[in-house]
Amino acid sequence: MPGLLRGVARTAVVAGTATAVSNRVSRRQQGRWAQQEYQEAPPQSAPAAPPPPPAPSADDMSGRIGQLKQLGELKAQGVLTEAEFEEQKRRILG
């Protein structure tokens, strides 16, 4: 019986060591491959800035002014809080 336990224990140690070494080798290879891919990849240029929004037309501007007036009335009536008013104003203007 002691010989059997010794054999099982030795097998467990060998298997555990082999697993640990295998995992370490895999991580090291993966790191090297990632580094190679990074070095071989062309440098990423900064994304182009979005084009500026077109100038609002007169109709669009009058629509925005009307919306802002409605927002002001809702705020004056107490329907909107200051934070809600500012958020909606930013959406309309922005």
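That block above? That's the structure.
The structure reproduced in this document is the subject of the present report. (Residues numbered from 1 in each chain as written. Predicted model: local features only at pLDDT ≥ 70, side-chain atom pairs only at ≥ 80, totals over all residues. Heavy atoms only, no water.)

1. What about the packing of aromatic side chains?
Next up, step 1: Under the definition given, this model contains 0 aromatic pairs.
Next up, step 2: Of note, Lys-75 hangs over the ring of Phe-85, and the distance from its end group to the ring centre comes to 4.9 Å. (Phe/Tyr/Trp six-rings, centres within 6.5 Å; stacked < 30°, edge-to-face > 60°. Lys NZ or Arg CZ within 6 Å of the ring centre and 35° of its normal.)

2. Re the pattern of salt bridges
Next up, step 1: The tally for this structure, following the rule as stated, stands at 3 salt bridges.
Next up, step 2: Here Lys-89 makes a salt bridge to Glu-86, at a shortest N to O gap of 3.5 Å. A residue pair is termed a helical-turn pair when its members lie 3 or 4 positions apart in one helix, as Lys-89 and Glu-86 do in helix α3 (residues 82-93) at 3 residues. (Salt bridge = Lys/Arg side-chain N within 4 Å of Asp/Glu carboxyl O. Helix = DSSP H or I, 4+ residues; strand = E, 2+ residues; numbered from the N terminus.)

3. Considering a positive patch on the surface
Next up, step 1: Side chains of Arg-24, Arg-27, Arg-28 and Arg-32 sit close together on the surface and give a patch of like positive charge.
Next up, step 2: Along the chain, Arg-27 falls in helix α1 (residues 2-40).
Next up, step 3: Residue Arg-27 is classed as exposed on the basis of its relative accessible area, which comes to 57%. (Patch = residues over 30% accessible without salt bridge, like charges linked within 9 Å, V, L, I, M, F, W, Y side chains within 5 Å. Areas by Shrake-Rupley, 256 points an atom, 1.4 Å probe, with all protein chains shown as cover. Lys, Arg positive; Asp, Glu negative; His and termini not counted. Charge placed at Lys NZ, Arg CZ, Asp CG, Glu CD. Buried < 20%, exposed > 50% of the residue type's maximum accessible area, 1.4 Å probe, protein only.)

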